Every structure is written in structure tokens, then in C-alpha cells.
Amino acid sequence: MVAKLLQRRLLCTKAANHQHQQQQPWSRWSVKQVSKSNFSESLEELKNHIHNSDFIAVSSQKTGAFSSPWRRVLPFLDTPETAYLKSKDAAERFQVLQFVVCPFTLKPSTPTSNTKIIAHPYNFHLFPRDELNMGMPSYSFSCQTSYLTSMAREGFDFNVCIYDGISYLSRVQESIAKDRLENPSSAIYSVKSSSTPSVADAVFTERIKSRVQYWRDACKNKNKGSEEALIRSLRRLILGGEVYGSRPCMSIDVCNERQVQLVLKMLSEFFDDLIPLIIPDNGKGPKAVRVVLTSSAEDKNLLERELQDLEGEQNRKVRGFREVIDAISASQKPVIAYDCLNEFTFIHSKFLGPLPQSLNEFMCSLRLVFPHVLDVNNLLKEIGPLRKANNLPAALSYLKRQFFVPVDMEIPHQVQENEGKNYGHNVLRTAYLFAKLSSILKITHDTPHSVIDDLPSSKSYANIFNTCFTNLQEPIDGENILLDNVRKVNTEDLVFFWGFRGGMSAGELRNLLRGTHGVFSEEFEIQMVDKSCAVLAFWKPNLAEKLLEVMDSSGVGSDKVRELISEGLRAASYEIYKKVCQLGLWETDLADSFDKALAECPDDISAADSRKESSEIYWNSDLIKLDDL
């Protein structure tokens, strides 16, 4: 057995070397690097490429993905719901430093030509800089040293990121920022319908109307040019006159939104040469209405266009990189990614708004923005052996060995010298892998280049995220050997153990439990979740429930179990594990999270344990440690 495993390790090492060799050709492709200094022109180019593309591939580089081993998405343990909760935690803690967007056109093969990808990759360098001095988008974020080390090894320029990285606000943050901004020229406000005015409203309206009329007439007085400068200054002081650019204006103080609407309605009914602007009071509501006098209909149209341009410029400054996300969303084109659950929790958190509490709410929210998302992982699972390929290079290497699917890639746009650095090539691998899988699985696409027949459509694979793969950026543990041994198991048949002796392996824990109770005479498997906690899977139903009853009763009926409990051994059901994730008890060790949950939230834990919501996971015996043999 050990000899076979060692032989497998040697084969895995050779395969890894082969994969490394396969990565080298990607360096010849140029990816345009975009920072704050060239963002505006690059954005216009990208929008044109998006408009002319069939698909949009995305990929990102983060400052981390997990803070401890059990908090990564574990294929042998996590349901889609707990996988989402872990991804949500990572997206809220870590930051995106690079976001790569690649609009591409896919032309399927013909008898005389190969499948062809015409790609336009752009790598955006991001940094959550507080451009508006409002504490947004981020006060702070976490970094995982292994990720930063890997980025530095690849030549990532942190100076460009920090000093010239593009900032951004999410849609929710932009709404907050607009309420706080004090620039009165950010928008032209329209009149809203209001209820029947009261006597107080009528008095207020008539008073403001008289004041505006008197000021307007004084401004249009043709004889004012003969007045001396002192008299003109006194007149402006008495009337409250100001200047907006070169145009005269005045401010009308208001106390609430109701008075704002009364002023706007009065101006629209009685004056056709005045433009109102709202002056906010630092996020506390409207402070005043600024009225600008125009000299003619042409001048009024000119001012309105100026205000619209100014509003657009300010909005672009507020949104920053989110202009790219909005352009992708507006196109309604299919979006392709390798690890969609990870990618889109980050996208939602950073560029849309706070993440919902459940997976279903997240998927509903995401579909409103990106209605057609294709997870390459979901396509990979259609090819059985690829279940063992846990990163892009491994999947591409396997497809190259097993299938003859020639794909040509063309990147038409040229980049300047040193502009196409070795950043962002994962998005090209994603597009390339998608093209190969589409050909192998004979998937048709709703594009001008597709041939519609009885073959499956890409829409049948849309918005299905596969959580049974490790993170793309996560390093592969050299002590793990991959075995093709996946079995379905019900979460009701899982039991978590902690409180055992430190440093104990899964094999040692198995030997410790054998013979302590009758349930352990049946077939079961154990895997370590982290150094402090293990999970046990029974292959026969109801055994987990019997074991938990014995543990809850302090080992009544089994002296050996009682002895283990007295030494500190504790057990919990899968429902308690799920509740730990829902409560956000993200301690470094899973054992500490269980202890904290049982101590601080006993009512929540009891309610969770009583529900017994059943679901299935794919128990994976792939991860076998040599030390456990």
C-alpha cells in the first residue's frame, strides 16, 4: 500500500513538473496593465471590446482567501451553504488587488479551421483608497502572508498598486457618498408630486416667490450697468445675490424635504429661466436651494448640459473601477470564471453591496446584476477524471493529454513595452479552458458564431456554482496524495470530535475510538479538519445519532466512552458546525469555535441541533496523509 502511494507521489511530482512546463507559453501573451494613470482611456477601449464580444472572462488576485485551515472551503465537508458562508467571510476580510477582465469571441472549429479565441485581456490594479475622505471603501483589510509572498515571487509591483491603483466604491457605498457630498451642482432635481398644500405651505411659497421675483427683476434691470460698484455690492448683499460661474444666483434656506419640493414646484410654475440646485447639509438632508438665473433658452440648455457633465464626472470619480463592473453588467453577456463562488462573493462584497446571509439570497441578488454566469468548475465535473484537477494548470494539462482539441488564441491589441507584464494570465487560461470544454462537451452558445441544433446550450449550465474544488490560488500541499475515491454521505451521518490529545492523527484517533462503543464496529472513516478537530463519517444510517446520544449522556452505558469524555473528548453534529458558520464564530481552531458556540449561544445551538436539516456532501478520501499510514 505504502509503495503504491509513494509511486503515486512520484507520478504527481512528474505531473506537477509537466504542468509547470505547460504554463510557460502563456508568458508570450500580452495583457494590458491598467492603473489610475491610464484608466480613462483603457475603460473606453474595454467598453468597445465588451460590446463586440461573445463572452467575458474574469479573474482576480486577492490578499488572501482563508485565515486558518478549517475556514477554507473543504470539498469533503462543506455543503453549498457552509461553503458560501466561508466564502462570505473571506470576501469581507480580504481585498482585491488585481482584477482581470477579458472580453473574447469564440469561433467554433470547422472542417478547415480550429476553434479560435479572439481575446482582449485587461489587468486592473486596484487599491481601496479613500478618495472622498469618507472612510470608504475600506478602513482596513486582512492579508495572508502566503498570498503576498506568491504575488511578490511572480513580480507583483506593490508600489504601483498602492500609489497608482484604481480606487472604487460599491453601489451601496456610492449611494451613501452621494448623500454626504456637499457639491450642489451634482444633479438637477426634478419636481415630485406632493400632497395638498397646507396654509403654512401657502405662506412659505408666497414669501419665497416674492423674494425670488424681486431678485430676478433686479438682476434683469437694464439700468444696473450705470450703477457704481459700491451700490451693486450693497444690492447683492441686501438681496442675497451670489454668482454661480458667470451667472447670478441666490440661495433659499430650507428646513426639510417638504420645503424643497415647494420651492421646486413654485420655480417650475412661474419661472422658465431659473435652474434650481440642492445644497445638502453633510448627509443630514437639504440645507438650501440654489437658484441660478440664465440669460436665454440656449443658455439654460448649456447650463443643464454642463451640470450633467459635472455630475457624470463626479459619479465616475466616485465609482472608480466599478465602472468596469457596471459595463459588464450592462452588456448582459455571459461571464466566465474558474472559481465562481469565490470570485463573485468578492465582486458582490466590493462592488455591489454587503453580502446576504444565505446562499439563496446571494444567488438572487447576483442574478439581478449578472444573469448568465458560467462556472468552469461546473463544466469540469462533467468529465469524471477531472474531479482530481484542483487548479487551472492541472485541468489544462489533463485535457491536453486526453483530448485532441486544438484551440488557437489571438490577442489583436498591442501593448507598449513593459506594459504587458506577466500579470493576469489566469483569465486567458480560463477562456482557453472554457473553449476546450465547450468543444469536448459539445455545448452550443447563443452567439452569432454558434450552430444551433439538439446539443446542450450553455444556458443550461448557467448560475450553477461548483464548490467541490479548492481555491485556484491556494498552494497544493506536497504531503497530500490524490486518490479517486469519492462517496456521497448524508450530513446526518457525520460527527465532529475535538478535545483529544494534541498532535493526534486521524489514524490514531480511529484506533482510540475502536472498541469503545458498538457503533464503531461498523464501517466508518475519519478525516482531520484541522489539528484540533476531526470529522467522522458513518456509512450506515442512524449510527451518528446513537453516538451523539451517548456523548450527550456523559457516556452512560459505556465505561470506555465515559473515560474519553472525562479526558476532554467532545462531539457535535453537523447542524452545530453549520450554526458555527452562520454565527461567524471564526476562531483559529475549529475546536475553539465549537467551545465558544456551546458556551455563548446554547439556545441557538440547541435549536440548530433539533432541526436536523439533511443534505448530502461528497466525502472525499483523496486527502490521505502519509503520516497517517
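Where an unreviewed UniProt entry is consulted, the protein appears under the name Ribonuclease CAF1, with the organism given as Macleaya cordata. Quoted verbatim from the Cofactor (unreviewed entry) field of the UniProt record, the comment on the protein reads "a divalent metal cation". Here the protein is described in UniProt, under the heading Sequence similarities (unreviewed entry), as follows: "Belongs to the CAF1 family."

Moving on, we come to the overall build of the protein. A count of helices and strands for the protein gives 22 helices and 20 strands. The 629 residues of the protein split such that 51% are buried. Expressed as a percentage of contacts within the protein between residues at least 6 apart in sequence, the contacts between residues at least 24 apart total 79%.

The next subject is the packing of helix H3 (residues 80-93) against helix H12 (residues 340-352). At their nearest, the axes of H3 and H12 sit 9 Å apart, and the two run at 50 degrees to each other. The orientation of H3 relative to H12 falls into the category oblique. Crossing hand, H3 versus H12: right-handed. Contact with H3, carried on its side by Ala 83, Tyr 84, Ser 87, Lys 88, Ala 90, Ala 91 and Glu 92, involves Leu 341, Thr 345, Phe 346, Ser 349 and Lys 350 of H12 and no other residues of that element. Each residue belonging to the contact of H3 with H12 can be placed in one class, and the counts come to 6 nonpolar, 3 polar and 3 charged.

Moving on, we get to the environment of Phe 404. Checked against the element boundaries, Phe 404 lands in the loop between helix H15 (392-402) and strand S12 (407-410). Judged by its relative accessible area of 79%, Phe 404 is exposed. Phe 404 sits 36 residues away from Ile 440 along the chain, and the two C-alpha atoms are 9.2 Å apart.

A separate point is unusual backbone geometry. In the Ramachandran plot, Gln 332 falls in the positive-phi region, its phi being about 60 degrees despite a non-glycine side chain. Its place among the elements puts Gln 332 in the loop between helix H11 (322-331) and strand S10 (335-337). Its identity as a non-glycine residue notwithstanding, Asn 542 has a phi of 75 degrees, on the positive side. As for its placement among the helices and strands, Asn 542 is situated in the loop between strand S17 (533-538) and helix H18 (543-552).

A few words now on the packing of aromatic side chains. Summed over the entire model, instances satisfying the criterion amount to 27 aromatic pairs. Taking the centre distance of 6.4 Å and the plane angle of 80 degrees together, the rings of Phe 127 and Phe 141 count as edge-to-face. With Phe 127 in the loop between strand S5 (122-125) and helix H4 (145-153) and Phe 141 in the loop between S5 and H4, this pair connects stretches of sequence that are 14 residues apart. Three or more aromatic residues joined by ring pairs make a cluster, and in this case those are Phe 39, Phe 99, Tyr 122, Phe 124, Tyr 168, Phe 321 and Phe 351. Above the face of the Phe 346 ring, Lys 62 is positioned so that its terminal group lies 5.1 Å from the ring centre. If you follow Arg 72 out to its NZ or CZ, it ends over the ring of Phe 66, 4.6 Å from the centre.

Chain-level pLDDT for the protein is 80 on average; 79% of the residues reach the 70-or-more range. Below pLDDT 50 for its whole length, residues 13-24 participates in 9 contacts with residues either more than four positions away or in separate chains. For residues 469-483, every residue scores under 50 in pLDDT, and the model assigns this stretch 56 contacts once sequence neighbours within four places are set aside.

Another point: the side chain of Asp 375. Looking at where Asp 375 falls in the secondary structure, it is placed in strand S11 (residues 373-375). Accessibility expressed as a relative area gives 2% for Asp 375, which makes it buried. Separated by 3.0 Å, the side chain of Asp 375 and the backbone nitrogen of Asn 377 make a polar contact. Not counting chain neighbours up to four residues away, the residues in contact with Asp 375 comprise Ala 337, Tyr 338, Asp 339, Cys 340, Ile 464, Phe 465 and Asn 466.

Bringing the packing of H15 against helix H16 (residues 426-440) into the picture now. Interaxial distance between H15 and H16 falls to 10 Å at its minimum, and their mutual angle equals 35 degrees. H15 and H16 meet at a crossing whose hand is left-handed. In this structure, H15 contributes Leu 392, Ala 395, Leu 396 and Leu 399 to the contact, and H16 contributes Asn 426, Arg 429, Thr 430, Tyr 432, Leu 433, Lys 436, Leu 437 and Ile 440. Tallied by class, the residues present in the contact of H15 with H16 amount to 8 nonpolar, 2 polar and 2 charged.

The tendency in soluble globular proteins is for nonpolar side chains to be buried side by side. Counting residues in each nonpolar core, the largest one holds 73 residues, and the members touching the most others are Phe 124 and Phe 344. With 7 residues, H12 is the single largest residue contributor to this core. Each of domain 1 (32-169 + 320-441) and domain 3 (486-620) gives at least three residues to this core. In contact with Phe 124, other than residues within four places in its own chain, are Val 34, Phe 39, Leu 46, Leu 97, Gln 98, Phe 99, Val 101, Ile 166, Phe 321 and Val 324. Residues Trp 29, Ala 119, Ile 383 and Leu 437 belong to the second largest nonpolar core, which totals 38 residues.

Here the focus is the sheet that holds S17. Strands sit in the order S16-S17-S15-S18 across an open sheet of 4 strands; the sheet is antiparallel. Strands at the two margins of the open sheet, each flanked by one partner only, are strand S16 (524-530) and strand S18 (570-573). Direction aside, the axes of adjacent strands within the sheet are offset by 25 degrees on average. Judged from the 6 bridges that link them, S16 and S17 form a sheet pairing that is antiparallel. Bridge assignment links Phe 524 to a residue of S17, and that residue is Phe 538. Packing against the sheet, H18 makes contact with strand S15 (494-498), S17 and S18, and its axis sits at approximately 35 degrees to S15. Across the sheet, helix H21 (residues 590-600) touches S15, S16, S17 and S18, and the angle it forms with S15 is around 100 degrees.

Attention now goes to a negative patch on the surface. Taken together, the side chains of Glu 492, Glu 545, Glu 549 and Asp 552 define an acidic patch exposed on the protein surface. Here Asp 552 lies in helix H18. Residue Asp 552 is classed as exposed on the basis of its relative accessible area of 61%.

About the cut-offs
Residues numbered from 1 in each chain as written. Predicted model: local features only at pLDDT ≥ 70, side-chain atom pairs only at ≥ 80, totals over all residues. Heavy atoms only, no water. UniProt positions renumbered as here; feature names shortened; annotations may be inferred. Helix = DSSP H or I, 4+ residues; strand = E, 2+ residues; numbered from the N terminus. Buried < 20%, exposed > 50% of the residue type's maximum accessible area, 1.4 Å probe, protein only. Contact = heavy atoms within 4.5 Å. Axes fitted to C-alpha atoms, helices over the stretch in contact; angles between N-to-C directions. Parallel < 35°, antiparallel > 145°, perpendicular 65-115°, else oblique. Left-handed = near helix turned anticlockwise from the far one by under 90°. Nonpolar A, V, L, I, M, F, W, Y, C, P; charged D, E, K, R; others polar. Phe/Tyr/Trp six-rings, centres within 6.5 Å; stacked < 30°, edge-to-face > 60°. Lys NZ or Arg CZ within 6 Å of the ring centre and 35° of its normal. pLDDT = per-residue confidence, 0-100. Polar contact = N/O pair within 3.5 Å; in protein donor to acceptor, adjacent residues only side chain to side chain. Core = buried A, V, L, I, M, F, W, Y, C linked by side-chain atoms within 4.5 Å. Domains from an automatic or database assignment. Pairing = 2+ DSSP bridges. Patch = residues over 30% accessible without salt bridge, like charges linked within 9 Å, V, L, I, M, F, W, Y side chains within 5 Å. Areas by Shrake-Rupley, 256 points an atom, 1.4 Å probe, with all protein chains shown as cover. Salt bridge = Lys/Arg side-chain N within 4 Å of Asp/Glu carboxyl O. Lys, Arg positive; Asp, Glu negative; His and termini not counted. Charge placed at Lys NZ, Arg CZ, Asp CG, Glu CD.

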